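So you can see what is in the structure, the chains are spelled out below.
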Amino acid sequence: MAKLVELAAIKEAFEEYYGSESPLPPFVMVLATKRHNRRFYSSARDNVAPGTVVSDGIARVGANEFYMQSAYPLQGTAKLTNYEVISNEASLSLNDIQAFTHGMCYTHQIVASAVSLPEPVFVAHELAKRGRNNLVGYSNVADVPRNDGGIDFAKLNKKLTYRRNELVHRRFNA
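- Under an unreviewed UniProt entry, the name given to the chain is Piwi domain-containing protein, and the organism recorded is Panagrolaimus davidi.

## Thoughts on the pattern of salt bridges
Moving on, step 1. By the definition in use, this model includes two salt bridges.
Moving on, step 2. Note that K11 and E89 form a salt bridge whose closest N and O atoms lie 2.4 Å from each other. Within this pair, whereas K11 is found in helix α1 (residues 2-18), its partner E89 is found in the loop between β4 (81-88) and α2 (94-104), the two being separated by 78 residues in sequence.
Moving on, step 3. In this structure, the salt-bridge partner of K129 is E126, at a minimum N-O distance of 3.3 Å.

## Describing the pairing of β4
Moving on, step 1. Sheet analysis places strand β1 (residues 28-33) next to β4, joined by six bridges and oriented antiparallel. Within the sheet, the bridge partner assigned to V30 lies in β4 and is V85.
Moving on, step 2. Bridge count between strand β3 (residues 65-69) and β4: four bridges; the pairing is antiparallel. Bridge assignment links E65 to a residue of β4, and that residue is E84.

## Some words on the sheet that holds β1
Moving on, step 1. Pairing within the open sheet is antiparallel, and its four strands lie in the order β1-β4-β3-β2. Each edge of the open sheet carries a strand with a single partner, namely β1 and β2 (52-54). The sheet shows a mean angle of 30° between the axes of neighbouring strands, direction not considered.
Moving on, step 2. Each of β1, β2, β3 and β4 touches α2; the most contacted strand, β3, lies at about 35° to it.

## Topic: a positive patch on the surface
Moving on, step 1. On the surface, K155, K158, K159, R163 and R164 cluster together into a patch of positive charge.
Moving on, step 2. Relative to the elements of secondary structure, K155 occurs in helix α4 (residues 153-160).

## As for the side chain of S87
Moving on, step 1. Mapped onto the elements of the fold, S87 is located in strand β4.
Moving on, step 2. Given a relative accessible area of 6%, S87 falls into the buried group.
Moving on, step 3. Beyond its immediate sequence surroundings of up to four residues, S87 is in contact with L7, F27, V28 and M29.

## Structural notes on the packing of helix α3 (residues 119-141) against α4
Moving on, step 1. Where α3 contacts α4, the axes come no closer than 12 Å and their chain directions differ by 90°. Here α3 is positioned roughly perpendicular relative to α4, judged by the angle of their axes. Side by side, α3 and α4 meet where N134, L135 and Y138 of the first sit next to L156, K159 and L160 of the second.

## Quick look at α3
Moving on, step 1. In this model, α3 (23 residues) spans 33 Å end to end at C-alpha, consistent with the 33 Å of a helix rising 1.5 Å per residue.
Moving on, step 2. Along α3, the positions that sit buried rather than exposed are E119, V123 and Y138.
Moving on, step 3. Where α3 is buried, its residues meet α2 and α4.

## Here we look at the nonpolar core
Moving on, step 1. Residues F66, M68, Y83, V85, I97, C105 and A114 constitute the largest nonpolar core, which totals seven residues.
Moving on, step 2. If you list the elements that add at least two residues to this core, you get β3 and β4.
Moving on, step 3. Those residues in contact with I97 that sit more than four places away from it in its chain are V28, V30, F66, V85, N88 and L92.
Moving on, step 4. Core analysis: the second largest hydrophobic core is formed by five residues, F40, V48, V54 and Y67 among them.

## Focus: the packing of aromatic side chains
The relation between two aromatic rings is expressed through the spacing of the ring centres and the mutual angle of the planes.
Moving on, step 1. For the structure on display, the rule yields four aromatic pairs.
Moving on, step 2. With a centroid separation of 5.1 Å and an interplanar angle of 20°, the aromatic rings of F66 and Y83 are classed as stacked. Note that F66 is positioned in strand β3 and Y83 in strand β4, a separation of 17 residues in sequence. One exposure class covers both F66 and Y83, and it is buried.
Moving on, step 3. Ring-pair connections join several aromatic residues into one group, and the members of that group are F14, Y17, Y18 and F27.

What counts, and where the lines are drawn
- Residues numbered from 1 in each chain as written.
- Predicted model: local features only at pLDDT ≥ 70, side-chain atom pairs only at ≥ 80, totals over all residues.
- Heavy atoms only, no water.
- Salt bridge = Lys/Arg side-chain N within 4 Å of Asp/Glu carboxyl O.
- Helix = DSSP H or I, 4+ residues; strand = E, 2+ residues; numbered from the N terminus.
- Pairing = 2+ DSSP bridges.
- Axes fitted to C-alpha atoms, helices over the stretch in contact; angles between N-to-C directions.
- Contact = heavy atoms within 4.5 Å.
- Patch = residues over 30% accessible without salt bridge, like charges linked within 9 Å, V, L, I, M, F, W, Y side chains within 5 Å.
- Areas by Shrake-Rupley, 256 points an atom, 1.4 Å probe, with all protein chains shown as cover.
- Lys, Arg positive; Asp, Glu negative; His and termini not counted.
- Charge placed at Lys NZ, Arg CZ, Asp CG, Glu CD.
- Buried < 20%, exposed > 50% of the residue type's maximum accessible area, 1.4 Å probe, protein only.
- Parallel < 35°, antiparallel > 145°, perpendicular 65-115°, else oblique.
- Expected span 1.5 Å × (residues − 1).
- Core = buried A, V, L, I, M, F, W, Y, C linked by side-chain atoms within 4.5 Å.
- Phe/Tyr/Trp six-rings, centres within 6.5 Å; stacked < 30°, edge-to-face > 60°.

Structure representation (structure tokens):
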């Protein structure tokens, strides 16, 4: 679904914004998840060191994936993040993708050390959670605007946007 629907929608948005006369850039799509049951340990039965990448002999057959421990685990057993390369139109090497995703784990605005997920993935997750919470809260006090296809997202966005109030100038992602 990510490759067939979401990547196609992203490309369509690029074409709509930039116009069809300019060529699309090559896209690289990598899915990151911690929803798996695999645990990795060092040979001393300790947590693996930050920066450790595991791909040989553990990845699913036919899948272009790897596991990476970006952050130092503060408590308990480390759970490496699973990355799966869905699309690689730029023909980047797996080492380049690993280095880039590891670097993105150092872009947190509050702490100087690495976090377990690339920061843009974490922020997107938090914004989606906030959007859902706003929708649930709004639906408890008012009717959600609807059209023939279900929820009228254009009207709903106008009602719930932060652009027209004092929150527009407030930091929201830290």
